[in-house]
Each structure stands twice: as C-alpha cells, then as structure tokens.
Amino acid sequence: MTFRDTAWPDKLLFWLYHFQNKYIRKIIRSLLLRRPGAELYSKTLRMIYDKYHGVKVGMYSYGAFNPVLAPGTIIGRYTSIAPKFSVINGSHPTNHMSSHPFFYNPALGYVDQLMIERRTKLIIGNDVYIGLDVAIMPQVTNIGDGSVIAAGSVVVKDVPPFAVVGGNPAKIIKYRFSQQVIDHITKSVWWEKDIDELKADEKEFARFLQPLE
C-alpha cells in the first residue's frame, strides 16, 4: 500500500491541534484516521499523539489512536490492537470509608488534590497482538514483545515476551514458540526494519509467511 502524509494540510492540522479544544481535536483525529492506511503509516498522527498526549506509537501499529491513552504510554512497532481496548489508569479506593469519587477526585469539587494514584507508565512491545475487548488494569506496566492477549481478557499483571495469555484474570496459557526460537527472534529485532525493507528481501519476507514450529 502506498501512503503519504499530505504536507501542507497535515501541517495545518498539527498546528490547529495545539488549541486545547476537545471538539476540534476529535475532528482532526477523525480527518486523519479517515484516510486509508493512516493508522499504519501516518507520521502526523504519531507526532500529534507524542507531542500533545505523551503517547508514542510505533510505525505500522494500529488500534491505538481512537482512545486517548494516558501520558507515558509507549507502543512498539507492528503491534495489532483490536476494538474495545481499555487501559484503566486508576482504580477507586477500596480501603477508604467510601469508594465514591467525591472523596478522591478534585474535579468534583470536594477535595483539593487527587487522592489516588494514576498510571504513569505502560509499555506495549513490538509485534504484540491484543484481541477484542481487552482491559489492562492499572498495576500493569509492561506487555512484552511478541505476546498475545486473547479476546475478552482482563490483564492484571505484566505479560512476558511471546506469552499467550487469556481469561479474567489473564493467565499464561502457553508461549508462542520454544525458548530457542524466541531467543532467535528477539536477537533478530526484525521489527526495527521498515516494511519495504523486509519486502525487498524475498528470502527474509518468506519466513513471515509460514509457521516457524
């Protein structure tokens, strides 16, 4: 697929995004995402999320631009995120007299400061596959390279590289490959290459088209 960011229109949209109006920003995101292939290839979208939301999204990753993730989120390259992806950035307190936000959220006007911890970090690795309707709980900070999260899962702890996890709470079901193959893929860091570079090497590209084990 051939995709190019449009120079002047994109520069204008990037500039307009500076104005902190949620309606304008929603329209700009919609305009950018409407172009075929934008989620996979658009550098403008990635610049907007990095500069204005503190969220870094690697090239060719998709599914991360509809929700505005918490600042400090980093998503690697070639990662696939299905719809209804939720990242929970904080939980209601359960060890206080009440769990109601009146007693911990200053936005409601009853307390002067935030009384709970909010997420400050989430790293989702390269070539991660996150299925439909997955929720990531606040204590999770790292989802490893090459891992798979099954649809409907509630992830309550960090996910190791190349693990397949599922359920509520999500548990390790298996690993995608033997440790020897995992080590080989990890050492190759193939995800650092652009897709055109991979496609140009017929022998290397062919390895992606068949099972490894």
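The preceding data block contains the structure.
Presented here is a report on the structure given in the accompanying data block. Just so it is clear, the structure is predicted and the values come from calculations on it, not from any experiment. (Residues numbered from 1 in each chain as written. Predicted model: local features only at pLDDT ≥ 70, side-chain atom pairs only at ≥ 80, totals over all residues. Heavy atoms only, no water.)

A few words now on the sheet that holds strand E11 (residues 163-167). The strand order across the open sheet formed by 5 strands is E3-E6-E9-E11-E12, and the pairing between neighbours is mixed. The open sheet has two free edges, formed respectively by strand E3 (80-81) and strand E12 (170-175), since each of these has just one partner strand. By the bridge criterion, 5 bridges tie E11 to E12 in an arrangement that is antiparallel. Following the sheet pairing, Gly166 is matched in E12 by Lys171. (Pairing = 2+ DSSP bridges. Helix = DSSP H or I, 4+ residues; strand = E, 2+ residues; numbered from the N terminus.)

Okay, the pattern of salt bridges next. Evaluated as defined, the whole model comprises 5 salt bridges. Between Asp10 and Arg35 there is a salt bridge whose closest N-O contact spans 3.3 Å. Here Asp10 is found in helix H1 (residues 7-16), whereas its partner Arg35 is found in the loop between helix H2 (22-33) and helix H3 (38-41), with 25 residues between them in sequence. Its salt-bridge partner being Asp127, residue Arg176 comes within 3.8 Å of it at the nearest N-O pair. On the criterion of sequence distance, the pair formed by Arg176 in the loop between E12 and helix H5 (179-188) and Asp127 in the loop between strand E5 (122-124) and strand E6 (129-130) is long-range, its members being 49 residues apart. (Salt bridge = Lys/Arg side-chain N within 4 Å of Asp/Glu carboxyl O.)

All right, on to the packing of aromatic side chains then. Inspection of the entire model under this criterion finds 11 aromatic pairs. Between the aromatic rings of Tyr17 and Tyr52, the centroid separation amounts to 5.4 Å while the plane-to-plane angle is 50°, which identifies the pairing as tilted. On the criterion of sequence distance, the pair formed by Tyr17 in the loop between H1 and H2 and Tyr52 in helix H4 (residues 43-53) is long-range, its members being 35 residues apart. Like Tyr52, Tyr17 is buried. A centroid spacing of 4.9 Å and a plane angle of 75° characterise the contact between Trp190 and Phe208, whose relative ring orientation is edge-to-face. Within this pair, whereas Trp190 is found in the loop between H5 and helix H6 (195-200), its partner Phe208 is found in the segment after helix H7 (202-206), the two being separated by 18 residues in sequence. Residue Phe208 is classed as partly exposed on the basis of its relative accessible area of 39%. Joined through ring pairs, the aromatic side chains of Tyr41, Tyr60, Tyr78, Trp190, Trp191 and Phe208 make up one cluster. (Phe/Tyr/Trp six-rings, centres within 6.5 Å; stacked < 30°, edge-to-face > 60°. Buried < 20%, exposed > 50% of the residue type's maximum accessible area, 1.4 Å probe, protein only.)

Moving on, we get to the side chain of Thr44. Within the fold, Thr44 resides in helix H4. Ignoring anything within four residues of it in the chain, the contact list for Thr44 reads Asp5, Asp10 and Leu32. (Contact = heavy atoms within 4.5 Å.)

Functional significance is not addressed by these values, which are geometric in nature.
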